[in-house]
Amino acid sequence: MTKVVRLVVLGKQGAGKGTQCIRLSRHYVIEHIATGDMLRAAVKIGTEVGREAAEYMEKGELIPDDIVIRLVKERTSTGIAHERGFVLDGFPRNVHQAEMLNNMLLPDALDAVINLRVPTNLVLKRIASRRVCADCGATYSTLRPPTLNWTCDNCGGEVVQREDDTEAAIQRRLDLYELETKPLIAFYRHHRKLIEISGVGQEEAVSNRVIAAIDDVLSGVNKPTHSQTS
Ligand code: AMP
């Protein structure tokens, strides 16, 4: 029987979580669950959740926990996520969400939590040049555009700048990261799940580091105890 792999990727906005999570989902054949993408899709379609989420997102504020937790619970309990596992991107975002995730899954069900470390001056540069597919959420940049005229290579959707990539909203999201999300590093270190990896460098070099560290954990060679820096 295939082992179920359950991962969380943490990191500041612009740390490369989305890109690395897509690579991890392909490598381990698990579901990429990105709460930001799910919420943007809900806003676009105009569902009840989307209508409620839109105004928080525009300002860079966090959506109320109960809404996001419900979305994650639904997604993790069916299909590939249930059968093979998942990589969570953008969730949990605070300690309460992390505690709810622990309650949702069996105790000790997460295999590893990767903290992608990138200095703030670099994430600001990355966010300024970031472009995303409005349909599937694939990430591009002005330095690495899609092949054809801002049309997504994956799905043919329109590649645009995110509406919340404005200066004020970016600053608010980075402040919230420090306040709400950074404490998760200590939380998961305490739960012996944390692996710290440098997110600086080429996408592939970073993903090689991440996959090597996860493989060590999955094979039992290396159970995270304190922080590991690669
Ligand atoms: P992201 O794509 O992860 O940067 O998320 C974009 C926006 O979606 C955030 O600024 C929040 O408004 C909202 N969001 C995404 N994930 C969460 C979460 N786990 N908790 C609360 N709000 C979230």
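What you see is a predicted model, and the numbers here were worked out from it, not measured in a lab.

Novice: Looking at this structure, I do not really get the overall build of the protein. What am I missing?
Specialist: In terms of helices and strands, the protein carries 10 helices and eight strands. Whereas a compact globule of 230 residues would reach a radius of gyration of roughly 17 Å, the protein reaches 17 Å, a difference of no more than 12%. Projected onto the principal axes, the alpha-carbon positions of the protein cover approximately 45 × 35 × 35 Å. Pairs at least 24 apart in sequence give 71% of the contacts found in the protein among residues at least 6 apart. Accessible surface, the protein: about 11,800 Å² in total, of which carbon and sulfur atoms supply 52%. The distance from the centre of the 30 positive side-chain charges to the centre of the 30 negative ones in the protein is 5 Å.

Novice: Is there a simple way to explain unusual backbone geometry in this structure?
Specialist: Among all residues save glycine, negative phi is the norm, and among peptide bonds the norm is trans. In the segment running from F91 into P92, the intervening peptide bond is cis, with an omega of -5°. Within the element layout of this structure, P92 appears in the loop between β3 (85-89) and α6 (95-104). With a phi angle near 55°, W150 is a residue other than glycine that sits in the positive phi range.

Novice: Explain the sheet that holds strand β6 (residues 139-141) to me, please; I cannot follow it from the model alone.
Specialist: Strand pairing within a sheet occurs via backbone hydrogen bonds; the two strands may be parallel or antiparallel. The three strands are arranged β6-β5-β7 in an open sheet whose pairing can be described as antiparallel. What marks the edges here is a single partner per strand, and that holds for β6 and β7 (159-160).

Novice: So what exactly am I meant to see when it comes to the site of the ligand here?
Specialist: The environment of the ligand is formed by 16 residues, the closest being T35, E61, G90, R93 and Q97. Between T35 and the ligand, the recorded distance is 2.8 Å, taken from a side-chain N or O atom to a nitrogen atom. A distance of 2.9 Å is found between a nitrogen atom of the ligand and a backbone nitrogen or oxygen belonging to G90. Within the complex, the protein chains bury 96% of what would otherwise be the 480 Å² of accessible surface of the ligand. Top element by residues in the shell around the ligand is helix α2 (residues 35-45). It accounts for four residues. Of the residues contributing to the shell around the ligand, the split by class is six nonpolar, four polar and six charged.

Novice: Got a minute to help me understand the nonpolar core in this structure?
Specialist: The tendency in soluble globular proteins is for nonpolar side chains to be buried as a group. Membership of the largest hydrophobic core comes to 31 residues, with the highest contact counts inside it found for L88, L101, L110 and Y188. No other element matches helix α4 (residues 65-76), which puts five residues into this core. Within the second largest apolar cluster, 25 residues are counted, among which are A15, L24, Y28 and I195.

Novice: Would you mind showing me how to read the environment of N149 here?
Specialist: Among the structural elements, N149 can be located in the loop between β6 and β7. Owing to a relative accessible area of 67%, N149 belongs among the exposed residues under this scheme. It is 31 Å that separates the C-alpha atoms of N149 and I30, two residues lying 119 residues apart in sequence.

Novice: Looking at this structure, I do not really get the sheet that holds β3. What am I missing?
Specialist: The strand order β2-β3-β1-β4-β8 describes an open sheet built from five strands, whose pairing is parallel. Here the strands that pair on one side only, and so sit at the sheet edges, are β2 (31-34) and β8 (194-198). Taking each pair of neighbouring strands and ignoring which way they run, the sheet shows an average axis angle of 20°. As defined by bridge partners, β2 adjoins β3 across four bridges and the pair is classed as parallel. Pairing of I33 across the sheet is with L88, part of β3.

Novice: Even after reading the chapter, I still don't get the packing of aromatic side chains, so can you show me in this structure?
Specialist: Pairs of aromatic rings are described using the distance from one ring centre to the other and the angle between the two planes. With the rule as written, the count across this model stands at one aromatic pair. Pairing F187 with Y188 gives two aromatic rings, centres 5.0 Å apart and planes at 90°, and the pair type is edge-to-face. Taken individually, F187 and Y188 each receive the classification buried, so the pair is uniform in this respect.

Novice: Just checking my understanding: could you explain the pairing of strand β5 (residues 130-133) for this structure?
Specialist: Across a regular strand the side chains alternate sides, sitting on one face of the sheet and then on the other. Neither face of β5 is exposed, since R130 and V132 on one face and R131 and C133 on the opposite face are all buried. Two elements, β5 and β6, share three bridges in a ladder whose sense is antiparallel. Paired with R130 across the strands is S141, a residue of β6. Bridge count for β5 against β7 is two bridges, and the pairing is antiparallel. Each bridged residue has a counterpart across the sheet, and for V132 the counterpart in β7 is V160.

The rules we used
- Residues numbered from 1 in each chain as written.
- Predicted model: local features only at pLDDT ≥ 70, side-chain atom pairs only at ≥ 80, totals over all residues.
- Heavy atoms only, no water.
- Helix = DSSP H or I, 4+ residues; strand = E, 2+ residues; numbered from the N terminus.
- Rg over C-alpha atoms; globule rule 2.2 N^0.38 Å.
- Contact = heavy atoms within 4.5 Å.
- Areas by Shrake-Rupley, 256 points an atom, 1.4 Å probe, with all protein chains shown as cover.
- Lys, Arg positive; Asp, Glu negative; His and termini not counted.
- Charge placed at Lys NZ, Arg CZ, Asp CG, Glu CD.
- Pairing = 2+ DSSP bridges.
- Near = heavy atom within 4 Å.
- Polar contact = N/O pair within 3.5 Å; in protein donor to acceptor, adjacent residues only side chain to side chain.
- Nonpolar A, V, L, I, M, F, W, Y, C, P; charged D, E, K, R; others polar.
- Core = buried A, V, L, I, M, F, W, Y, C linked by side-chain atoms within 4.5 Å.
- Buried < 20%, exposed > 50% of the residue type's maximum accessible area, 1.4 Å probe, protein only.
- Axes fitted to C-alpha atoms, helices over the stretch in contact; angles between N-to-C directions.
- Phe/Tyr/Trp six-rings, centres within 6.5 Å; stacked < 30°, edge-to-face > 60°.

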